[in-house]
Structure formats: structure tokens, C-alpha cells
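Observations on the three-dimensional arrangement
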Amino acid sequence: MASSSVTSVILKNFVPSEEPKLSDFEVKKVPAPSKDQLKDEQVIVKPMYLSIDPYLRFRMMGSKDTFAESYVKDEAVSNILVGEIVASCSKEFKEGDMVLDNDGKWQTEYITNSTCVSRIPSKDGICPRDFVGVLSMPAYTAYYGTVILGKPKPGETILVSAASGAVGQMVVQIAKAKGLFVVGAAGSDEKVEYVKQLGADAAFNYKTCGKYADAIHKAAPNGVDIYFDNVGGEFLDAALANINVHARVVICGAISQYNVGSPDKLYGVKNMVNVMYKKVTVTGFIIFEHFNTPEQKQFFDEISKMYVDGKIKYKFCEKKGLENAPQALLDQLAGKNIGKTIVKV
């Protein structure tokens, strides 16, 4: 007999500044969806793996002034997930199909339109979890930023911050495959060791290295040609102090600034004049604008082959249980993860 209720993770409070807390979420029971509720071209999805990503911090702010659509208070949290179709009134999908939903609910079953999900392609050596891992949005972010925006040339030096995370671990490996000298910064000795295992030529612990600019110079004595920025703030400033002529700075994230209490506490970058002196190209990007493009197909074809051939490693930080998704997000924002944070529902 089907259950009459399902578990849902609700956002209780908007968090415009400071660090979010577990009490800002609520895990509750809600009525279970049923097939007789489905309209034409609707399906019921049962999530299997949730992607936990830093940009969700913006969706918790309750603001219309960020790049990410705000959550609705007292409604289910949502994000990219892999799930199974358990009921369908769609011509395109049948029960048992594995799908990717780019904004699926953190709920053990939910109704959505069939146009909101896409069938996961079958490929030898690739499993559904890989679509929140090595073939996920953060992995595509790494590829797009490194290859398309970074325009790497063999022999150049790339610096990547948060190098052990979901994006960073892919940047390190893609850059090595393109013939670059790779320098990674991470927040613990364990993370630094992992970055080295991925193939980085040099890596350091930014929490114990002393002055960032000195640590970067020591690791990259020939300067930085590409800086892949995941953290912003003081580390970005230090990277600009070591930047080369005609370098490319790819702005992917600024996690060091996400929980700053007020605008006047944001770190003011002091070395921006080097962008002019060194004729540096600085590009920010939002990867969602590059979905369903030739570049995304290029990413999928190239990275899936490398992964199947054993040329790409990918580490997960996997939590179990939908009810633990809020804590998984808080841990990620606090830098407690190594690799890609996901939740197995």
C-alpha cells in the first residue's frame, strides 16, 4: 500500500546575511502525491541523489537581486537532482526511467512537468550518480571556465582556489590534461594531499601558509597565467598580485564573502590596478546560461570519455538521508567537505 505522506525539506526563514543555521530549515511530512493527481505531461519523481551546491546560499537570501531564483519561504527547497519516474502521464517518460531535474524538490516524491526533467543517457561506465558528480553542473562549470574562458596554452600556469571541491577537483585535472602547470589552494592538509593526488604540481593550505601572496609566489614562481577563482576576497587580491601579462581571471564564485554580515564588511580588492597594467581579462560567468549549448555537449563527450578511460578521478562527500540535506549544505558552506557534496535519499 502506498504511503499517505512523504518527507519534505522546507525553508523556514530567509537568511539575507550571516551564516544560515539548521533551524532555518524544517523537515516535515506532507501529503504524498498520487498518479490520479497527474495532469497530461506530468510525472512523479522519486529523488535518488541530491546535488548540494554553494550557490544555494543565494537562494536562501529572499532577494530578487541575485542571479539565482529565490526560494519561497515555507515551501520545499529545490536543486539539481537525479531521480526515478515512479508514475507518468507523459508520452516521453515511463515508470522506471532515470531522469535529471535541474530544480527538483527536496522531497521523497513530488509532481513536476515532464518538460522539467531530462532522461539520463545510457553510456557504458557511467551511472546515474555521475550526473551529480563528474558530469554534473559543477563539473561543467570547471570545464567551461578552464577551457572556454581560460583559453589554456600548454606550459602556462593555472592557480585554482578551493581546489579540492566539486569544481576545483575538476579544474585541476582538466588543466593537467591541457598541459598546464597546476597550483591548487585548499583549506586543510588532507585536502592539499588530495589535490596533489589529482595531479597538481604544487598545492598549499591557505589556512596555514601565512601571507597568501607569498604562498602563491612560492608555488608559482613564474607567475599566474590563469586564475580560477572560487573564493573571492583576500585570496583574489593575492592572485592579482602574482598575475602575468595577458592573464585570464575566471570568476566562478566568492564563497569567502557569501556570509559577510553587511556590504561594508566585504573585502575590498586592492590590486585591481594590475588588471590594467598587465592587460588582464577578468570574466565572471553563470553556468546555467550555457546549458543546452554546443559547449555542454563538448564537455559531456570529452569528460565522459576521460572518466570511462580512467583519466579523471572524482571524489564524493556523500551523506545519507533526505533529512540530512540541510546539514550537508551547512557543512559545505563551512568548508567541511572534500569533493562533491551529495545526498543519497
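Cut-off values and rules
- Per chain, the residues get numbers from 1 upward, laid out in the order the sequence is written.
- Where totals are concerned, whole chains, interfaces and linings use all residues; where local detail is concerned, this predicted model gives features only for residues with pLDDT of at least 70, and gives and counts side-chain atom pairs only at 80 or more.
- Only hydrogens and water are set aside; all other atoms, that is, all heavy atoms of the structure, feed into the side-chain values.
- Lines are fitted to the C-alpha atoms to define the axes, a helix being fitted only along its stretch in contact, and any angle between axes, read from their N-to-C directions, falls within 0 to 180 degrees.
- Each helix corresponds to a stretch of at least 4 residues labelled H or I by DSSP, and each strand to a stretch of at least 2 residues labelled E; elements are numbered beginning at the N terminus.
- Relative orientations are named as follows: roughly parallel for angles under 35 degrees, roughly antiparallel for angles over 145 degrees, roughly perpendicular for angles from 65 to 115 degrees, and oblique for any other angle.
- Whether two residues touch is decided by their heavy atoms; if any such pair falls within 4.5 Å, the residues are in contact.
- All amino acids are sorted into three groups, where Ala, Val, Leu, Ile, Met, Phe, Trp, Tyr, Cys and Pro are nonpolar, Asp, Glu, Lys and Arg are charged, and the leftover types, Gly among them, are polar.
- In this scheme, a residue with accessible area under 20% of its type's maximum is buried, one over 50% is exposed, and one in between is partly exposed, where area comes from a 1.4 Å probe on protein chains only.
- Note: two strands are recorded as paired if DSSP finds a minimum of 2 bridges between them.
- Under the rule applied, a polar contact is a pair of N or O atoms within 3.5 Å (in protein, one hydrogen donor and one hydrogen acceptor; residues adjacent in sequence only if both atoms are side-chain atoms).
- To define a nonpolar core, start from buried Ala, Val, Leu, Ile, Met, Phe, Trp, Tyr and Cys residues and group those joined through side-chain atoms within 4.5 Å.
- The term salt bridge refers to a side-chain nitrogen of Lys or Arg lying within 4 Å of a carboxyl oxygen of Asp or Glu.

**As for the packing of helix α2 (residues 137–149) against helix α8 (residues 294–308)**
Between two packed helices, both the angle of their axes relative to each other and the distance between the axes serve to describe the pair. Orientation of α2 relative to α8, taken along the N-to-C sense of each, is 105°, at an axis distance of 10 Å. In terms of orientation, α2 lies roughly perpendicular with respect to α8. Counting all contacts with α2, which are made through Ala 139, Tyr 140, Tyr 143, Tyr 144, Val 147 and Ile 148, the residues of α8 involved are Glu 295, Gln 296, Gln 298, Phe 299, Glu 302 and Ile 303. Counted by class, the contact of α2 with α8 contains eight nonpolar, two polar and two charged residues.

**A short note on unusual backbone geometry**
Backbone geometry places Lys 151, a non-glycine residue, at a positive phi of 45°. Within the element layout of this structure, Lys 151 appears in the loop between α2 and β8 (157–160). Within the chain, Lys 279 stands out as a residue other than glycine whose phi angle is a positive 55°. Structurally, the position occupied by Lys 279 is in the loop between α7 (273–277) and β13 (281–284). Overall, the relative accessible area of 47% leaves Lys 279 in the partly exposed class.

**A closer look at the sheet that holds β8**
Read across the sheet, six strands follow the order β10-β9-β8-β11-β12-β13 without closing on themselves; strand pairing throughout is parallel. Each edge of the open sheet is held by one strand with a lone partner, namely β10 (202–205) and β13. Neighbour to neighbour, the strand axes of the sheet diverge by 15° on average, direction disregarded. Contacting β9 (181–186) and β10, helix α4 (residues 189–197) crosses the sheet at an angle of about 170° to β10.

**Some words on the environment of Gln 298**
As for its placement among the helices and strands, Gln 298 is situated in helix α8. A residue is classified by how much of its surface remains accessible, and Gln 298, at 35% relative accessible area, is partly exposed. Separated by 146 residues in sequence, Gln 298 and Pro 152 place their C-alpha atoms 16 Å apart. Sequence-distant contacts of Gln 298, defined by excluding residues within four places in its chain, comprise Tyr 143, Val 147 and Ile 148. Of note is the side chain of Gln 298, whose polar atom sits 2.7 Å from the side chain of Tyr 143.

**As for the nonpolar core**
Grouped together as the largest cluster of nonpolar side chains are 82 residues, with contacts concentrated most on Phe 25, Val 45, Leu 50, Trp 106, Met 170, Val 172 and Ile 303. With eight residues, the single largest contributor to this core is α2. Counting 23 residues, the second largest nonpolar core, distinct from the first, contains Val 224, Tyr 227, Leu 240 and Ala 247.

**Some thoughts on the pattern of salt bridges**
Using the criterion set out here, one finds 15 salt bridges in the structure. With a shortest N-O distance of 3.8 Å, Glu 95 and Lys 35 are connected by a salt bridge. Pair noted here: Glu 95 is in the loop between β4 (78–88) and β5 (98–105) and Lys 35 is in the loop between β2 (25–31) and β3 (42–51), with a separation of 60 residues, a long-range link. Residue class for Lys 35 comes out partly exposed when judged on its relative accessible area of 44%. For Arg 59, the salt bridge is made with Asp 103, and the minimal N-O distance between the two is 2.9 Å. Residue Arg 59 is found in helix α1 (residues 56–59), and its partner Asp 103 is found in strand β5; the two are separated by 44 residues along the sequence. Its relative accessible area of 6% is what places Arg 59 among the buried residues. Through salt bridges with shared partners, one network takes in Lys 94, Asp 97 and Arg 119.

**Notes on the pairing of β3**
With eight of its ten residues buried, β3 lies for the most part within the structure. Sheet analysis places β3 next to strand β6 (residues 110–113), joined by four bridges and oriented antiparallel. By the bridge assignment, Val 43 is partnered in β6 with Thr 112. Bridge analysis of β3 against β4 gives seven bridges, and the strand direction is antiparallel. Across the sheet, Val 43 pairs through a bridge with Ser 88, a residue of β4.

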